Amino acid sequence: MFKFDRKFILGASAAAAVAMLATGCFKSGDAAAPSASNGDNVLTYANGKRVIDGGRYYATVNGKSGPYYVNTDTENGGYTYGRTPTANELEAWNTTVTPWRLPPKGQGTAEEGEAVYEAKCVMCHGDFGSGGGGYPALSKGNAYDNVKTLKFQRVTADAEGPIRVFGNYWPEASTLWWYIMEGMPHPDTRTLTDDEVYALVAYIMNINEMEIDGEEVDYEYVLDQEKFAKIVMPNKDGFEPVIDGANGLENVRAYFADPANFGAQKIASADERCMSNCQKETAKVVPITIEQKEFIPPLSEVRDLPEVENTAGVDLEAKNTYESSCAVCHGAAGMGAPVFGDKKAWAAVVGKGMDTVYANAINGLNAMPPKGGTDLPDDKFKAVVDYMISQSK
Amino acid sequence: MRNEHSQHDAENVSAERRSFFKKTAALSATAIAGAGILSGTRAMAEDDPVIMNTPDWGHKIGYPVTKNRYGMPSPYEHNITRRNAQLLSSGNWQASIAMCPIQDLSGIMTPNGLFFSRCHGGIPTINPNEWRLMIHGLVEKPLVLTLEQLKRYPNVSRIHFVECPANGGPEWRGPQFNSIQFAKGMMSNAEWTGVYLKDILKDLGLKPSAKWMLAEGIDSSHMGRTVPVDKVLDDAMIVWGQNGEALRPEQGYPVRLLLPGWEGNLCVKWLGRLEFAAEPFYAKEETAKYTALKPTGKAIQHFYANEVNSIITNPCPEKPWTDLKKGDLVEIEGLAWSGMGTIEGVDVSFDGGNNWVEAKLKGLVLPKSWTRFSFMYKYEGKPLILASRARDDAGYIQPTIDQETAVMGVESVYHRNGIATWEVTAEGKVNNVQVRS
């Protein structure tokens, strides 16, 4: 996708530059002292631990935190607002599934999952999780093989990049269960049953050619809570720092204390920074080769009066419903739905006869839920259909 | 200027008279369409008609103060908007980002209507009367608050940027956007008003075993992120105010989490639930996304602070120097920011980063906030490769692209803060380029 062949040498200054490794100008490592003048070790909290992100801590000193005045009388607690949640409330909101909190009991097979997938997921995530239209792919083949691609770097135009889909990249299966239950299907979340989620997880594991406890997750495999607990993701150890366990926070603190871990550069004082002849001889100016310029609206610095949108004859209520409820599928190609404004596609729809069109819209069709997931009365929803057709002629 | 409440001394009376005669002249001039010249003078080619003629707004009465109860920008500013690109969208505009027009901002505050916006399940319309915050898990006293109760806590206001860690992320392998809005517009800066989370927790009894906090949204995506207690007990805020008014819906109305300096994605919008636990939660946006894959094949998970960064805003591709003539004195201006501290200084380079000179900081210099820098330059009409390099008070300095990619490779997507460069052509046009080996 990228080509770097249009490189040209930076002008005379670079050509004349003394060969000097840029890294020679900067010292990395956590020994670097902050250049702040107050003398405190400002890279630690009051308890002496390193600031977790590797940055500064601004203690409150003499009623000020950094440049801000602070009313320290507010910091002592004693507030009595609010109330204790009920047991039912806690249960209702705490549906998070984590590596240490299993999903609720239930079960489903990959075969059942495929049926749910075909009904509710395929329009975005593509056949067999192949992705498309900007939506994430769910599989790129065998998860265990694809872990190896994580070292791939697209440094040349024709190089293959790393695959980062659920099977070969995600460290925990709990994330998938949680995300499907809370965030999917995209236009109408929190509508799947526990069994449907188990089935979808089984299906996604199936298309990633994954195993549980040495057993292939085939079409008939019944995934339940007990088996879910045994899932070990192929890339479980592919992440740093190690955040699990008693040393999790300390591992993070240590990690960000060393700039070399995350590509940062530190200097002990401002004097240490390179001011002249800083570049390698090989430094080149790389221009844009493939320019992205599909900006909406197009870039413009012009100061003039805007064109007045002609809304004469447009049902604004229907327009609002379209934008909030229908555009998610009808607004872009690749969703299987006729695209808003596509004259040819809509001519084909209208060709079925308006009675059929209204009936399909009200009762749902393929991936489209009844009335597009709205709860409008029939006549109001017909107006939305009319609006979409009127804007696609 | 006319003095509406003038003392009626002779001078003022005569001034008023002169003004009256001018207006009369202007009105009659308008009446004779186009020939609008004050009587007794002769038109000259150099005369600027907008000076010589009185425009409509100079004599017709304006609209009443009762219009626009909530004020709007001038209609002439209609091109100053957030913008989108399909490339940066996950299929539709409900899982997408709107870029801030930083080329058109002045100072360090972003107007709320231009603040960059990112969402994963569209922007919800939440009834504030039915909003609740639940804090539970490893605390002695779990808590439910209404919005009114939350706002009873003593508030603080802090000026901080919020930046998507993917800001500049499409350009790891080379420049793609000839636009500052798209190259660096996934960020904005505002004054946030809310309460420090540590002040609420004082009364809830955080258990010693609590190491991580889940922050979860109540929108349709229910986005969650894990936050270490270090940040919670440092400067984490629960905010409801943005530049003096309620949060905009795009920013999490009625309430969002604000973790100063950290990934925008961690500053969970439409906040509803905070749960404390001994182990991290492994949310989707800290595993599948927002993890930075290195050439070793290992990815950084829990990558928090946006590192020290800067960009020259003037000139930039949208604000070129094509109107300048040789010898003009022009201000090179830009933004610097660090999620790890306060900006200490910024250098600028005219040769793509081989040689540097120190710029001046200007205005307020605040922790984890946009900071303006400035350098006065005599324009010579020669091609330049302009660059800026910021450093902060935690000791960090912006890496070169080579230094950064040596560690991070080109596939990490997030946290790209390598030195940015603009090519200025002999004609004063400005192009996005990179300097790399």
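Our structure is the block above this text.
Here goes a summary of the coordinates provided. For clarity, every value in this text was computed on a predicted model and none was experimentally measured.

The 3 strands lie next to each other as S9(A)-S15(B)-S14(B), forming an open sheet whose pairing is mixed. Of all the strands in the sheet, just strand S9 (239-240) of chain A together with strand S14 (292-293) of chain B have a single pairing partner and so form its edges.

Moving on, we get to the environment of Met388(A). All names here are of chain A. Note on placement: Met 388 falls in helix H14 (residues 378-390). Taking the C-alpha atoms as reference points, Met 388 and Tyr 322, 66 residues apart in sequence, are found 7.5 Å from one another. Setting aside anything within four residues of it in sequence, one finds Met 388 in contact with Tyr 322, Cys 326, His 330, Phe 340 and Trp 346.

We now examine the packing of helix H13 (residues 354-363) of chain A against H14(A). If you want to describe how two helices pack, look at the angle between their axes and the distance between the axes. Residues and elements named next belong to chain A. For the pair H13 and H14, the least separation of the axes is 10 Å and the interaxial angle reads 115°. By crossing handedness, the relation of H13 to H14 is classed as right-handed. In this structure, H13 uses Met 354, Val 357, Tyr 358, Ala 361 and Ile 362 to contact H14, whose residues at the interface are Asp 378, Phe 381, Lys 382, Val 385, Asp 386 and Ile 389. Residues belonging to the contact of H13 with H14 are distributed by class as follows: 8 nonpolar, no polar and 3 charged.

It is worth spelling out a nonpolar patch on the surface at this point. Residues Leu305(A), Trp57(B) and Tyr76(B) make up a contiguous nonpolar surface patch of roughly 400 Å² in combined accessible area. Turning to its location among the elements, Tyr76(B) is positioned in the loop between helix H2 (49-52) and strand S1 (84-85). Since its relative accessible area comes to 37%, Tyr76(B) is described here as partly exposed.

Residues and elements named next belong to chain B. Among the 7 residues of strand S13 (residues 271-277), 7 are classified as buried, and the element is accordingly described as predominantly covered. As judged from the 4 bridges shared by strand S4 (residues 132-137) and S13, these two strands associate in the parallel manner. What sits directly across from His 136, in S13, is Glu 275. Bridge analysis of strand S8 (residues 212-217) against S13 gives 6 bridges, and the strand direction is antiparallel.

Glancing now at the interface of chain A and chain B. In this assembly, 135 residues from chain A lie in contact with 137 residues from chain B. In total, chain A and chain B occlude about 11,800 Å² of area from one another, counting both sides; carbon and sulfur atoms represent 56% of this. Of all residues in chain A, the largest losses of buried area upon contact with chain B belong to Tyr68(A), Tyr81(A) and Trp93(A), amounting jointly to 6% of the total for that side. For the pair chain A and chain B, the interface holds 11 salt bridges. Between Glu240(A) and Lys294(B) there is a salt bridge, and its shortest N-O distance comes to 2.7 Å. Inspection of the region where chain A meets chain B yields 61 residue pairs in polar contact (both at pLDDT 80 or more). No other element matches helix H10 (residues 248-256) of chain A, which puts 6 residues into the side of chain A that touches chain B.

Below, the discussion takes up the pattern of salt bridges. Within this structure, the stated rule accounts for 41 salt bridges over all chains. The closest approach of N and O atoms between Arg83(A) and Glu89(A), which form a salt bridge, is 2.9 Å. Taking relative accessible area as the criterion, Arg83(A) reaches 39% and is therefore assigned partly exposed. Ionic pairing is found between Glu331(B) and Lys362(B), a salt bridge with its closest N-O pair at 2.8 Å. With Glu331(B) in strand S17 (residues 329-337) and Lys362(B) in strand S20 (residues 360-362), the pair connects residues that are 31 residues apart, well separated along the chain. Taken together, the shared-partner salt bridges connect Arg273(A), Asp347(B), Glu358(B), Arg389(B) and Arg391(B) into one network.

All names here are of chain B. Across the sheet, 4 strands lie side by side as S16-S17-S21-S20; this open sheet has antiparallel pairing. The open sheet is flanked by strand S16 (309-314) and S20, the only strands paired with a single partner. Taking the axes of each pair of neighbouring strands and ignoring which way they run, one obtains an average angle of 35° across the sheet. Here S16 pairs with S17 via 5 bridges, running antiparallel. Looking at the pairing, Ile 311 lines up with Leu 335 of S17.

Here the focus is a negative patch on the surface. All names here are of chain A. Residues Glu 111, Glu 112, Asp 195, Glu 209, Glu 211, Asp 213, Glu 215, Glu 216, Asp 218 and Glu 220 make up a contiguous surface patch of negative charge. Broken down by secondary-structure element, the contributors of at least two residues to the negative patch are helix H3 (110-120) and strand S7 (215-216). Tracing the backbone shows Glu 209 in the loop between helix H8 (194-207) and strand S6 (211-212). Residue classification places Glu 209 among the partly exposed residues on the basis of a relative accessible area of 44%.

Turning next to the side chain of Ser139(A). Residues and elements named next belong to chain A. With respect to the helices and strands, Ser 139 occurs in the loop between helix H4 (122-125) and helix H5 (143-146). A polar atom in the side chain of Ser 139 sits 3.1 Å from the backbone nitrogen of Gly 141. Look past the residues within four positions of Ser 139 in its chain and what remains in contact with it is Phe 128, Gly 129, Ser 130, Val 165, Ile 207 and Asn 208.

Residue and element names in this part refer to chain A. Two elements in contact, helix H7 (residues 174-183) and H8, have axes whose closest approach is 10 Å; the angle formed by their N-to-C orientations is 130°. Compared by their axis directions, H7 and H8 come out oblique. Classified by chirality, the crossing of H8 by H7 is right-handed. Here Leu 176, Trp 177, Ile 180 and Met 181 of H7 come into contact with H8, specifically with Asp 194, Val 197, Tyr 198, Leu 200, Val 201 and Ile 204.

What follows deals with the environment of Arg50(A). Residue and element names in this part refer to chain A. Along the chain, Arg 50 falls in the loop between helix H1 (12-15) and strand S2 (60-61). The class of Arg 50 is partly exposed, set by a relative accessible area of 24%. Considered as a pair, Arg 50 and Val 252 are 202 residues apart in the sequence and their alpha carbons are 9.8 Å apart.

This paragraph deals with the nonpolar core. Leu150(B) and Ile238(B) are the most contacted members of the largest nonpolar core, which has 125 residues in total. Excluding its chain neighbours within four sequence positions, the residues that come into contact with Ile238(B) are Leu133(B), Leu150(B), Gly194(B), Val195(B), Leu197(B), Ile200(B), Val255(B), Arg256(B), Leu271(B) and Leu274(B). If you look at the next biggest cluster of nonpolar residues, it comprises 46 residues, including Val116(A), Ala173(A), Ile204(A) and Ile212(A).

So, on to the packing of aromatic side chains. Considering all chains together, one arrives at 30 aromatic pairs over all chains under this definition. Taking the centre distance of 5.1 Å and the plane angle of 65° together, the rings of Tyr79(A) and Tyr153(B) count as edge-to-face. Here Tyr79(A), found in the loop between strand S4 (68-69) and helix H2 (87-93), pairs with Tyr153(B), found in the loop between helix H3 (147-152) and strand S6 (156-163), and the two come from separate chains. The exposure classification of Tyr79(A) matches that of Tyr153(B), with both residues buried. When the ring of Tyr322(A) is compared with that of Phe340(A), the centres are 4.2 Å apart and the planes differ by 25°; the resulting orientation is stacked. On the criterion of sequence distance, the pair formed by Tyr322(A) in helix H11 (residues 316-330) and Phe340(A) in the loop between H11 and helix H12 (343-350) is long-range, its members being 18 residues apart. The exposure class assigned to Phe340(A) is partly exposed, which follows from its relative accessible area of 24%. Every member of this aromatic cluster is reached through a ring pair, and the members are Tyr255(A), Phe256(A), Phe262(A), Trp262(B), Phe303(B), Tyr304(B) and Tyr396(B). When the ring centre of Tyr68(A) is taken as reference, the NZ or CZ atom of Arg158(B) above it lies at 4.2 Å.

Take the side chain of Lys184(B) next. Residues and elements named next belong to chain B. Looking at the element boundaries, Lys 184 is found in helix H4 (residues 180-184). Glu 163 is the oppositely charged side chain nearest to the buried, salt-bridge-free Lys 184, at an N-O distance of 5.9 Å. Apart from the residues lying within four places of it in its own chain, the contact partners of Lys 184 are Ile 102, Asn 167, Asn 309, Ile 311, Trp 337, Arg 416 and Ala 420.

This next bit is on the state of the cysteines. All names here are of chain A. All chains considered together, the criterion is met by 1 disulfide over all chains. The disulfide bridge from Cys 274 ends at Cys 278, spanning 2.3 Å between sulfur atoms. Handedness here is read from the sign of the S-S torsion; for Cys 274 and Cys 278, about -105°, the answer is left-handed. For the pair Cys 274 and Cys 278, a shared accessibility class is recorded, and that class is buried.

The rules behind the values
Residues numbered from 1 in each chain as written. Chains lettered and ligands numbered in written order. Predicted model: local features only at pLDDT ≥ 70, side-chain atom pairs only at ≥ 80, totals over all residues. Heavy atoms only, no water. Pairing = 2+ DSSP bridges. Helix = DSSP H or I, 4+ residues; strand = E, 2+ residues; numbered from the N terminus. Contact = heavy atoms within 4.5 Å. Axes fitted to C-alpha atoms, helices over the stretch in contact; angles between N-to-C directions. Left-handed = near helix turned anticlockwise from the far one by under 90°. Nonpolar A, V, L, I, M, F, W, Y, C, P; charged D, E, K, R; others polar. Patch = residues over 30% accessible without salt bridge, like charges linked within 9 Å, V, L, I, M, F, W, Y side chains within 5 Å. Areas by Shrake-Rupley, 256 points an atom, 1.4 Å probe, with all protein chains shown as cover. Salt bridge = Lys/Arg side-chain N within 4 Å of Asp/Glu carboxyl O. Buried < 20%, exposed > 50% of the residue type's maximum accessible area, 1.4 Å probe, protein only. Buried area = accessible area lost by both parts, 1.4 Å probe. Polar contact = N/O pair within 3.5 Å; in protein donor to acceptor, adjacent residues only side chain to side chain. Lys, Arg positive; Asp, Glu negative; His and termini not counted. Charge placed at Lys NZ, Arg CZ, Asp CG, Glu CD. Parallel < 35°, antiparallel > 145°, perpendicular 65-115°, else oblique. Core = buried A, V, L, I, M, F, W, Y, C linked by side-chain atoms within 4.5 Å. Phe/Tyr/Trp six-rings, centres within 6.5 Å; stacked < 30°, edge-to-face > 60°. Lys NZ or Arg CZ within 6 Å of the ring centre and 35° of its normal. Disulfide = S-S within 2.5 Å.

Interpretation note: all reported values are geometric properties and have no functional meaning in isolation.
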